[in-house]
Amino acid sequence: MDCTHRKKIVEQIENVGKMYYGFLSNINGLEGGKGQASDHEMGQFYDLLNQPFESWLNNIHADDNRDMKELEWRKTLWELVQNLAKSQMDSATSKVIRGKVEDQVQTNIFTIYNSFMRRVWNSLELEVFKNAK
C-alpha cells in the first residue's frame, strides 16, 4: 500500500475518532457531566481498531486493487463504529433517553446517535459501497 492510501486511511481513522469523542461527549453532557469523553473510552475505541486494522493490512497483496482494499477497510471501520455506538445506546440511562430541550430542539441519545452515524457514513464516503451492492 502506497503512502497516499495509508495517509488517507490514518486521517479517516483520526477523523472518525474525533467524531466518536464528540458522540461520547454529547452523551456525557446529557448525563450532567462535563461533556467530555474519558481517556479510557477513547483508549477502548483505538484498542478495538488495532486487531482488525492489522489483519486488514496483513492481507494486502501487491496485485490487489488499492481502492477496493481501502473501501474494504472503510466498511470494516463503519461496522466497528456502528457496534460501539449501538453499545452506548444499549447502556443508555433514562436521563439520556429522555434528553433535554434547548431552544425548542430535542436532544437525546437517539438524535445524538443519528447525527453521529450520518457524519461517520459521509466522512467514510460509503455511498460508493452502498451503490456497489
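Refer to the preceding data block for the structure.
Residues numbered from 1 in each chain as written. Predicted model: local features only at pLDDT ≥ 70, side-chain atom pairs only at ≥ 80, totals over all residues. Heavy atoms only, no water.

Notes on the nonpolar core
Counting residues in each nonpolar core, the largest one holds 33 residues, and the members touching the most others are Val16, Tyr20, Phe23, Phe45, Leu77, Phe116 and Val120. Elements with a contribution of two residues or more to this core: helix H1 (3-31), helix H2 (39-58), helix H3 (66-90) and helix H5 (109-123). Element by element, the count of residues in this core is highest for H1, at nine residues. Look past the residues within four positions of Val16 in its chain and what remains in contact with it is Phe45, Leu77, Val81, Val120, Ser123 and Leu124. (Core = buried A, V, L, I, M, F, W, Y, C linked by side-chain atoms within 4.5 Å. Buried < 20%, exposed > 50% of the residue type's maximum accessible area, 1.4 Å probe, protein only. Helix = DSSP H or I, 4+ residues; strand = E, 2+ residues; numbered from the N terminus. Contact = heavy atoms within 4.5 Å.)

Here we look at the packing of aromatic side chains
As enumerated under the stated definition, the model contains nine aromatic pairs in all. Each ring, one from Phe23 and one from Phe116, has its centre 4.6 Å from the other, and the planes form 20°; the classification is stacked. In this pair, Phe23 is assigned in helix H1 and Phe116 in helix H5, connecting sequence segments 93 residues apart. Using a relative accessible area of 3% as the deciding quantity, one classes Phe116 as buried. Between Trp56 and Trp73 the ring centres are 5.7 Å apart and the planes differ by 40°, which places this aromatic pair in the tilted class. Of the two residues, Trp56 is situated in helix H2 and Trp73 in helix H3; the sequence distance between them amounts to 17 residues. By way of ring pairs, the aromatic residues Tyr20, Phe23, Phe45, Tyr46 and Phe116 are connected into one cluster. (Phe/Tyr/Trp six-rings, centres within 6.5 Å; stacked < 30°, edge-to-face > 60°.)

Quick word on the side chain of Arg74
Its place among the elements puts Arg74 in helix H3. Engagement of the side chain of Arg74 in a polar contact is seen with the backbone oxygen of Leu124, the distance being 2.7 Å. Excluding its chain neighbours within four sequence positions, the residues that come into contact with Arg74 are Gln12, Leu124, Glu125 and Leu126. (Polar contact = N/O pair within 3.5 Å; in protein donor to acceptor, adjacent residues only side chain to side chain.)

Side note on the pattern of salt bridges
Enumeration over the complete set of coordinates arrives at six salt bridges. We note a salt bridge from Glu125 to Lys8, for which the minimum N-O separation is 3.9 Å. Taken together, the residues span a long stretch of sequence, with Glu125 in the loop between H5 and helix H6 (127-132) and Lys8 in helix H1 at a distance of 117 residues. A salt bridge links Lys100 to Glu102, with the nearest nitrogen and oxygen atoms 3.5 Å apart. The class of Glu102 is partly exposed, set by a relative accessible area of 48%. One continuous salt-bridge network, built from bridges that share partners, spans Lys8, Glu70, Arg74 and Glu125. (Salt bridge = Lys/Arg side-chain N within 4 Å of Asp/Glu carboxyl O.)

Everything listed here is a matter of geometry and, on its own, says nothing about what the molecule does.
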